[in-house]
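Letter by letter, the chains look like this.
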Amino acid sequence: MVLDGLRTAGYQESTVGQYEKTIRALTGFVAARGGVYTPALGAAFARLTVSPRTGRFSAQRRLDYNRLVALLDTYVLTGRFDLATRKRGGGGPRPASEQFVALDASWEQDMADRGLAPATRAAYGRIARAYLVFLEDQGVTGLDGADGASVLAFLESLTERWARSSLFWVVSNFRPFLKFTGRTDLVDAVGLAGVRRSHRILAVLDDADTQHVVQACTGPAVSARDGALTLLALTTGLRACDIVALRLSDIDWRGATVGIVQQKTKNPLTVPLAALVLARLADYVLDERPASGDDHVFLRSVAPYTGLADHASIYRVIAQTFRTAGLAQVKAGTSFLRHNAASKLLAASVPLPTISAVLGHASQESTSTYLSLDADRLLECVLPVPVGGRS
């Protein structure tokens, strides 16, 4: 039934074969334990991530085993196989104690009731759950057992996998949850961590590199989808979440514009499309885009043909396009391309309010960050050094 469903949905035969191999392994595992599949057995099977051939952890085995178990569990619960794609990461580890599970659910409901954007809710929820799991690892199963020292220890534990310069964003996502708990001592502890925002000088593409990217996007080495997506990000500075959510009805083909409601700010935004971007979009929609009932502009290139999952999908497309353009050393993504778009507008002497409108900032103050890209304009703000006399 699984294999028939995969083939009907249009999965590649190589993927179907990989599922078939995993099904054989699961069949043997379940047969040795009574012959009846249960979610508990599935969870035990999914934990078999060490390859018996090498004796080491296998990322491929983890992927294959987890996705099959997830598929079978949905069948046990709903009576059908759910082939919908899931976002990467799954929201991180989750707490197991009764109190923390209830607290996590209450936090999620509170964020939903306040109408926070999905991306914001995901970021806030992930860091909150990570803290609760950290507490459980310390033997704490209720918030009453937490103190300010636990907050500091948790943030310190993150330095093993987070750069110090990134901790500001962690704290920004963490503080709302602590306020939600009503524990002012925990909120105060975050301040004691002394995490400060770093203001780095933002890199941009020079004209030659920009030309390389444009040539790659319009050439045969890059698919129409990837070329259109990269050009769209390069010329408009749209956020990744807005590119993921973009629908066919958002494109005004005659007016050469895209009109959206921004995922982050909920503000309406209309941006012009350059002729080159519009042409590449048309190439994709007319000649390459899979037939699908999903009306998102950019779809997965393999079955199931649904919209892209999240910002990580956008980053991979842009990074691969840059590698094809010979710019593998550039860490490209929509954030980088937003900075780049801002620098080009500044260089063209476009006023900050206009740049703020084009980039979809909720506040013009957010746009002032990009002044660090324009050395000439910054120099205009420097007072001359007095010569002679008293200063």
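Residues numbered from 1 in each chain as written. Predicted model: local features only at pLDDT ≥ 70, side-chain atom pairs only at ≥ 80, totals over all residues. Heavy atoms only, no water.

Quick word on the sheet that holds strand S2 (residues 257-261)
Alright, step 1. Within the open sheet, the three strands sit side by side as S1-S2-S3. Their pairing is antiparallel. Only two strands of the sheet have a single neighbouring strand rather than two, namely strand S1 (251-252) and strand S3 (268-272). (Pairing = 2+ DSSP bridges. Helix = DSSP H or I, 4+ residues; strand = E, 2+ residues; numbered from the N terminus.)

Looking at the packing of aromatic side chains
Alright, step 1. Inspection of every chain in the model, using the stated rule, returns ten aromatic pairs.
Alright, step 2. On the numbers, 4.1 Å between centres and 15° between planes, the contact of Phe-45 with Tyr-65 is stacked. Taken as a pair, Phe-45 in helix H3 (residues 39-46) and Tyr-65 in helix H4 (residues 59-78) lie far apart in primary sequence, 20 residues in all.
Alright, step 3. One aromatic cluster in this structure is built from Trp-107, Tyr-124, Phe-177 and Phe-180.
Alright, step 4. Directly above the aromatic system of Phe-29 lies the positively charged group of Arg-33, at a separation of 3.8 Å from the ring centroid.
Alright, step 5. Its guanidinium or amino end placed over the ring of Tyr-19, Arg-67 lies 4.4 Å from that ring's centre, counting from NZ or CZ. (Phe/Tyr/Trp six-rings, centres within 6.5 Å; stacked < 30°, edge-to-face > 60°. Lys NZ or Arg CZ within 6 Å of the ring centre and 35° of its normal.)

A few points about a positive patch on the surface
Alright, step 1. Residues Lys-21, Arg-24, Arg-53 and Arg-56 make up a contiguous surface patch of positive charge.
Alright, step 2. Topologically, Arg-56 is positioned in the loop between H3 and H4. (Patch = residues over 30% accessible without salt bridge, like charges linked within 9 Å, V, L, I, M, F, W, Y side chains within 5 Å. Areas by Shrake-Rupley, 256 points an atom, 1.4 Å probe, with all protein chains shown as cover. Salt bridge = Lys/Arg side-chain N within 4 Å of Asp/Glu carboxyl O. Lys, Arg positive; Asp, Glu negative; His and termini not counted. Charge placed at Lys NZ, Arg CZ, Asp CG, Glu CD.)

Overview of the side chain of Arg-239
Alright, step 1. Relative to the elements of secondary structure, Arg-239 occurs in the loop between helix H11 (224-236) and helix H12 (240-245).
Alright, step 2. Despite its burial, Arg-239 pairs with no opposite charge; the closest candidate is Asp-242, at 4.2 Å N-O.
Alright, step 3. At 2.9 Å, the side chain of Arg-239 and the side chain of Gln-262 are in polar contact. (Buried < 20%, exposed > 50% of the residue type's maximum accessible area, 1.4 Å probe, protein only. Polar contact = N/O pair within 3.5 Å; in protein donor to acceptor, adjacent residues only side chain to side chain.)

Quick look at the pairing of S3
Alright, step 1. Burial along S3 is one-sided: the face carrying Leu-269 and Val-271 is buried and the face carrying Pro-268, Thr-270 and Pro-272 is not.
Alright, step 2. As defined by bridge partners, S2 adjoins S3 across five bridges and the pair is classed as antiparallel. Across the sheet, residue Thr-257 finds its bridge partner in S3, namely Pro-272.
Alright, step 3. Hairpin geometry of S2 and S3 is characterised by an intervening segment of six residues between the two adjacent antiparallel strands and by a positive phi of about 65° at Lys-266.

Topic: the confidence of the model for the protein chain
Regions with low pLDDT carry predicted coordinates that are not meant to be interpreted in detail.
Alright, step 1. The share of residues in the protein chain with pLDDT of 70 or more is 85%, and the mean pLDDT across the chain is 84.
Alright, step 2. The least confident element of the protein chain is helix H17 (residues 375-379), whose mean pLDDT is 57; the most confident is S1, at 96. (pLDDT = per-residue confidence, 0-100.)

Regarding the packing of H11 against helix H13 (residues 275-288)
Alright, step 1. Packing of H11 against H13 leaves a shortest axis separation of 8 Å and a crossing angle of 150°. Between H11 and H13, the interaxial angle falls into the category roughly antiparallel. The interaxial crossing formed by H11 with H13 has left-handed handedness. Along its contact with H11, which presents Ala-224, Arg-225, Gly-227, Ala-228, Leu-231, Leu-232 and Thr-235, the element H13 presents Leu-276, Val-277, Arg-280, Leu-281, Asp-283, Tyr-284 and Glu-288. (Axes fitted to C-alpha atoms, helices over the stretch in contact; angles between N-to-C directions. Parallel < 35°, antiparallel > 145°, perpendicular 65-115°, else oblique. Left-handed = near helix turned anticlockwise from the far one by under 90°. Contact = heavy atoms within 4.5 Å.)

Considerations on helix H7 (residues 148-158)
One turn of an α-helix holds 3.6 residues; hence residues three or four places apart share an orientation.
Alright, step 1. Buried within H7 are the following residues: Gly-148, Ser-150, Val-151, Phe-154, Leu-155 and Leu-158. Down the axis of H7, the buried side of the element spans an arc of 160°, and every buried residue falls inside it.
Alright, step 2. For H7, the elements touching its buried residues are helix H6 (118-137), helix H8 (167-181) and helix H9 (184-192). (Arc of directions from axis to C-beta.)

Focus on H9
Alright, step 1. Where H9 is concerned, the buried positions are Leu-186, Val-187, Ala-189 and Val-190. The arc that holds the buried residues of H9, viewed along the axis, is 155°, so those residues lie on one side. Facing away from the buried side of H9 by more than 90 degrees, the exposed set consists of Thr-184, Asp-188 and Leu-192.
Alright, step 2. Contacts made by the buried residues of H9 are with H6, H7 and H8.

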